[in-house]
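# Observations on chain architecture
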Amino acid sequence: MCGYIRDTDPGVTQQDLLKQFYSALSALAEKSDVPDVVKIFTSGSYFDSREVSKDTREKISLKLEELEIKKLIVESRPEFVTEEVLDEFDGRKFQLEVGIGLESASDFVRDILVNKGFTFQEFEDAAKFLRHRGFRVKAYLLLKPPFLSESEAIADVVHSAVRIKKLVDVVSINPTNVQKGTLVERLWERKLYRPPWLWSAVEAVKQIRNEGIEVICHPVGRGKRSPHNCGKCDDVVSKALRKFSLYQDLNILDLKCWCMEEWIKAVELERFSRIPLFH
Ligand SMILES: [Zn+2]
């Protein structure tokens, strides 16, 4: 499901990364709109020095301190969470939060359905190490990898969130979208895959929040390649999920649309049909 390899330009240099970072920040500074929190979304590993060099990370940290940013959010696979890298963030003026794409707490789902390439144990070790060093941990969970039915997908993220409750500070639900050149795209073109319903994201978020877990969800994209409902309520539901992510108030997710009935049928019946009934 991950289109990263296709979208990656090997010609991008460290100078390009810094240039992009500085220009994004100075655009905000010009509007005297310097944020409290900066999230550097690499779709990879911020701690992998082949992606972002130690020198680039240092320059970024210095700039953030200069602007008195309060919190930096980055992401990394667990194997790059090392003592040496974390030393770079010791005593910084900003708080560090590290997101790890666990995708699922089930080794079967992560290994066979997602092909992620690391074990739950490796995630657990990295999460414990980060917290031991005083940093915040976020886990990304993938809602609806290929080959799971709608109900299995909801159950998988909820079970995963509960299992990692004591290991992380916040759980981020990432509903799958159909990216170019992926197996998911081939299944989707043949109507063997449908991105998750936004109602499923709402349902998973409700169940996870009711377990006392901080949970966020920012569905990306619009239309049939992205997590969607009937089309009419998609924007309202996506917006509500983003708002809920800020306030953690479940009343925000008290939403209705005629298509909920269709979604309930999908949740009940796709366990048996194994193919999406409504696209
Ligand atoms: Zn609807």
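Residues numbered from 1 in each chain as written. Predicted model: local features only at pLDDT ≥ 70, side-chain atom pairs only at ≥ 80, totals over all residues. Heavy atoms only, no water.

Looking now at the overall build of the protein chain. In terms of helices and strands, the protein chain carries eleven helices and six strands. Taken against the 2.2 N^0.38 rule, which gives 19 Å for 279 residues, the C-alpha radius of gyration of the protein chain at 19 Å falls within 12% of a compact globule. Oriented by its inertia axes, the alpha-carbon framework of the protein chain measures out at about 55 × 40 × 40 Å. In the protein chain, buried positions account for 49% of the 279 residues. A separation of at least 24 residues holds for 77% of the contacts in the protein chain among residues at least 6 apart in sequence. Summed over its atoms, the accessible surface of the protein chain is roughly 14500 Å², and 52% of this surface lies on carbon and sulfur atoms. (Helix = DSSP H or I, 4+ residues; strand = E, 2+ residues; numbered from the N terminus. Rg over C-alpha atoms; globule rule 2.2 N^0.38 Å. Buried < 20%, exposed > 50% of the residue type's maximum accessible area, 1.4 Å probe, protein only. Contact = heavy atoms within 4.5 Å. Areas by Shrake-Rupley, 256 points an atom, 1.4 Å probe, with all protein chains shown as cover.)

Mapped onto the fold, F147 is located in the loop between β4 (136-143) and α7 (150-163). Residue classification places F147 among the partly exposed positions, given a relative accessible area of 49%.

The next point concerns the sheet that holds strand β3 (residues 95-103). Read across the open sheet, the six strands follow the order β1-β2-β3-β4-β5-β6; overall the sheet is parallel. Where the open sheet ends on each side, the last strands, each with one partner, are β1 (37-39) and β6 (215-217). Put simply, the sheet's adjacent strands are angled 25 degrees from each other on average, direction ignored. Taken together, the five bridges between strand β2 (residues 71-75) and β3 define a ladder with parallel strand orientation. Among the inter-strand pairings, V74 is bridged to a residue of β3, identified as V98. Sheet contacts for helix α6 (residues 120-132): β3 and β4; angle to β3, the most-contacted strand, approximately 170 degrees. (Pairing = 2+ DSSP bridges. Axes fitted to C-alpha atoms, helices over the stretch in contact; angles between N-to-C directions.)

Before going further, it helps to examine the pairing of strand β5 (residues 170-175). The buried count for β5 comes to five of six residues, which makes it a mostly enclosed element. Bridge analysis of β4 against β5 gives six bridges, and the strand direction is parallel. Across the sheet, Y140 pairs through a bridge with S172, a residue of β5. Since β4 and β5 lie parallel, the crossover through α7 that links them has a hand, and here it is right-handed. (Right-handed = clockwise from strand over helix to strand, strands pointing away.)

This paragraph deals with the packing of aromatic side chains. Summed over all chains, the structure comprises four aromatic pairs. Ring centres 5.8 Å apart and planes at 55 degrees place the aromatic pair F21 and Y22 in the tilted group. For Y22, a relative accessible area of 32% gives the class partly exposed. Between F120 and F123, the aromatic rings sit 5.9 Å apart at their centres with planes inclined by 45 degrees, giving tilted as the arrangement. Taken together, the positions of F120 and F123, both in helix α6 and three residues apart, correspond to about one turn of that helix. (Phe/Tyr/Trp six-rings, centres within 6.5 Å; stacked < 30°, edge-to-face > 60°.)

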